[in-house]
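# Descriptive structure summary
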Amino acid sequence: MNEPTPSSLATDENHLIAERRGKLAKLRAEGIAYPNDFRPDDNAAALRNAYGELEKDALAELDKHVKVAGRMMLKRVMGKASFATLQDSTGRIQIFLDRNTVGEDTYSQFKTWDIGDIIAVEGTVFKTNKGELSVHAATIRLLSKSLRPLPDKFHGVADQELRYRQRYVDLIMTEETRRTFVARSQAISSIRQFMLNAGFLEVETPMLHPIPGGAAAKPFVTHHNALDMEMFLRIAPELYLKRLVVGGFDRVFEVNRNFRNEGVSPRHNPEFTMMEFYAAYTDYRWLMDFTESLIREAAIAATGAAVVTYQDQTLDLSQPFDRLTIVQAIQKYAPGYTDEQLGDEATIRSELKRLGADVNGPVLARAGVGALQLALFEETVEAKLWRPTFIIDYPVEVSPLARASDTQEGITERFELFITGREIANGFSELNDPEDQAARFQAQVEAKDAGDEEAMYYDADYIRALEYGMPPTGGCGIGIDRLVMLLTDSPSIRDVILFPHLRKED
């Protein structure tokens, strides 16, 4: 048997749409298209929880009257009686209707309705002879006509492009997708509650910035007509949140959308969600403990346990996370490098060149040993960090906002958390010395002038804020999308963003 071609599928779909438009035209002529006077009192999950375990006779004796509404996903017409499956936001429940109860006219109308139509049902809960919890319809109505046929399971849902581009169809057809986004919501709610319980204040900071700051990234650029000035979509809220710490809010957090004009990949989307927080009188070691506990609680809220499975591998988030320096991580996961080799700029450059890195590009051409070690780590180790691991003590030259170590020259009190080979969080003891920060900004400006498009701008107002005095502070950003990928066993960031960015549709 030949598979249907895209053109034949399109022809069939157009024919079905034309048929449904004809049915809608008839509804309009009768004056009953798209009514909005039905209010459901019940849903599928609540009915199953309340009555799913009752015996058939006990349920019949209860004679429970219910009102439900949702999308018709299945339909079986059998002479004088029929079954349908109704799907609402909580799940599915079977509907039974017979001609004698609903009436000849309504039953005849029902037979013309299509899969995908939104229907309203009032009736009593009962169980069929096979034990299926159902609603015996006393009345049934069409609320919304579906003009487009739902995809069949073999062609529509399997089309990954359709799932991302038409997420509404994916949500209708795929229970796993619905579960993913419920889990996302539960994780974010848990994170918010965790922060509030720890004494943090939730705040909102601007998404349009006159100067992009808080991260090394290429911004999206726009223009504000009324102010006649160039503006940038937020790449991070960091500098605004720390202004609030200067202002006297000792603990602040924001669940925010950030925008970075960079590549699209299974782990990158130009628009993404972060939870960023700052706590006065803490440092990066406190932050690591706090972040570990937060992620553990989010996992329990979203999945019911601190042990999760990702891509067929088990991760136990209840166990203490590893902590390694960049050099320790290289020597553990890419063995063979000696301390002497990892301390020698020429040796590392030679290794990076062998691995295909652009050692003469704007980022690495001026890099010192610390930045080169980080580049080697990214090339050889990062993807291997499957179990939760804090990589600590980053070099000053790649950490322009982090406090320098009091005991190690050229090192900052900074960490990045990696799980399943990808960065989940980035945090550090904040640099609160305004003169040191001004010098770091100036170094970033010089790097930008040398061709590094991701280098930071000089933010004079932020320096002015620091000059009023910021208490010792720790701050961290957690990638919500990547965390949800982990908690929902999703291989691509597009699987956990409701409407990911895609190329224009042909």
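Here the structure is shown first, and the text comes after it.
Residues numbered from 1 in each chain as written. Predicted model: local features only at pLDDT ≥ 70, side-chain atom pairs only at ≥ 80, totals over all residues. Heavy atoms only, no water.

## As for the nonpolar core
In summary, soluble globular proteins display a tendency toward joint burial of nonpolar side chains. Selection rule: Put simply, a nonpolar core is a bunch of buried Ala, Val, Leu, Ile, Met, Phe, Trp, Tyr and Cys residues held in one set by side-chain atoms that sit within 4.5 Å of each other. Only protein chains enter the accessibility calculation, which uses a 1.4 Å probe. A residue is then buried if its area is under 20% of the maximum for its type, exposed if over 50%, and partly exposed in between. Working definition: helices are DSSP H or I runs of at least four residues, strands are E runs of at least two. Numbering for both runs from the N terminus. In this description, contact between two residues means that some pair of their heavy atoms is separated by no more than 4.5 Å.
In this structure, M195, M275, F277, L294, I478 and L487 are the most contacted members of the largest nonpolar core, which totals 44 residues. Counting residues per element, this core draws most heavily on helix α10 (residues 284-303), which supplies nine residues. The residues contacting L294, other than those within four sequence positions of it, are I191, F194, M195, M275 and I478. Counting residues in hydrophobic clusters, the runner-up holds 27 residues, among them L59, A84, W113 and L147.

## Some remarks on helix α14 (residues 369-380)
Defined as follows: Multiplying one less than the number of residues by 1.5 Å gives the expected span of a helix.
Compared with an ideal rise of 1.5 Å per residue, which puts 12 residues at 16 Å, α14 spans 16 Å between its outermost C-alpha atoms and is within 8% of the ideal. Of all 12 residues in α14, nine are buried, a share of seventy percent or more. Where α14 is buried, its residues contact α11 (326-333), α12 (339-342), α13 (345-354), β15 (389-392) and β16 (414-419).

## Here we look at the pattern of salt bridges
Test applied: Take a side-chain nitrogen of Lys or Arg and a carboxyl oxygen of Asp or Glu: if they are within 4 Å of each other, that pair is a salt bridge.
The tally for this structure, following the rule as stated, stands at 29 salt bridges. With a closest N to O distance of 2.9 Å, K145 and D117 form a salt bridge. With a gap of 28 residues between them, K145 in the loop between β5 (133-144) and α6 (160-165) and D117 in the loop between α5 (104-112) and β4 (118-127) connect regions that are remote in the sequence. For K145, a relative accessible area of 8% translates into the label buried. A salt bridge links D461 to R243; the nearest nitrogen and oxygen atoms lie 2.9 Å apart.

## Digging into a nonpolar patch on the surface
Defined as follows: Like charges within 9 Å and nonpolar side chains (Val, Leu, Ile, Met, Phe, Trp, Tyr) within 5 Å are joined into patches, using only residues over 30% in relative accessible area that form no salt bridge. To measure how exposed things are, a 1.4 Å probe is used in the Shrake-Rupley method; for residues, cover is taken only from the protein chains shown.
There is a patch of nonpolar side chains on the surface, built from Y168, L498 and F499 and spanning about 330 Å² of accessible area. Here L498 is to be found in the segment after α17 (480-487).

## Description of the sheet that holds β4
The condition is simple: Whether two strands pair depends on DSSP finding at least two bridges between them. For every element, the axis is a line fit to its C-alpha atoms; helices are fit only across the contacting stretch, and the angle between N-to-C directions ranges from 0 to 180 degrees.
Taking strand neighbours around the barrel as the criterion, the five strands line up as β1-β2-β3-β5-β4 in a closed arrangement whose pairing is mixed. The mean inter-strand angle of the sheet, taken between neighbouring strand axes irrespective of direction, is 55 degrees. Of the strand pairs in this sheet, strand β2 (residues 81-88) and strand β3 (residues 91-98) are connected by eight bridges, and their pairing is antiparallel. In the sheet register, T85 faces β3, and the bridge partner there is Q94. Seen against the sheet, helix α2 (residues 44-51) touches β1 (65-78), β2, β3, β4 and β5 and runs at an angle of roughly 85 degrees to β3. Across the sheet, α5 lies against β1, β2, β3 and β5, angled at about 60 degrees from β1, the strand it touches most.

## Some points on the packing of aromatic side chains
For clarity, the cut-off: Note on aromatic contacts: the rings of Phe and Tyr and the six-membered ring of Trp form a pair at centre separations within 6.5 Å, being stacked when their planes are under 30 degrees apart, edge-to-face when over 60 apart, and tilted otherwise. Consider the ring centre and the ring normal. A charge sits over the ring if Lys NZ or Arg CZ is within 6 Å of that centre and within 35 degrees of that normal.
Under the definition given, this model contains 16 aromatic pairs. When the centroid spacing of 6.0 Å and the interplanar angle of 65 degrees are considered together, the rings of F96 and F126 count as edge-to-face. Of this pair, F96 sits in strand β3 while F126 sits in strand β4, placing them 30 residues apart in sequence. When the centroid spacing of 5.5 Å and the interplanar angle of 65 degrees are considered together, the rings of F377 and F418 count as edge-to-face. Here F377, found in helix α14, pairs with F418, found in strand β16; they are 41 residues apart in sequence, far enough to count as distant. Taken together, the ring pairs in this structure connect F194, F200, F277, W286 and F290 into an aromatic cluster. The positively charged end of K67 is found above the aromatic ring belonging to F38, 5.2 Å away from the centroid. Above the face of the F110 ring, K75 is positioned so that its terminal group lies 5.2 Å from the ring centre.

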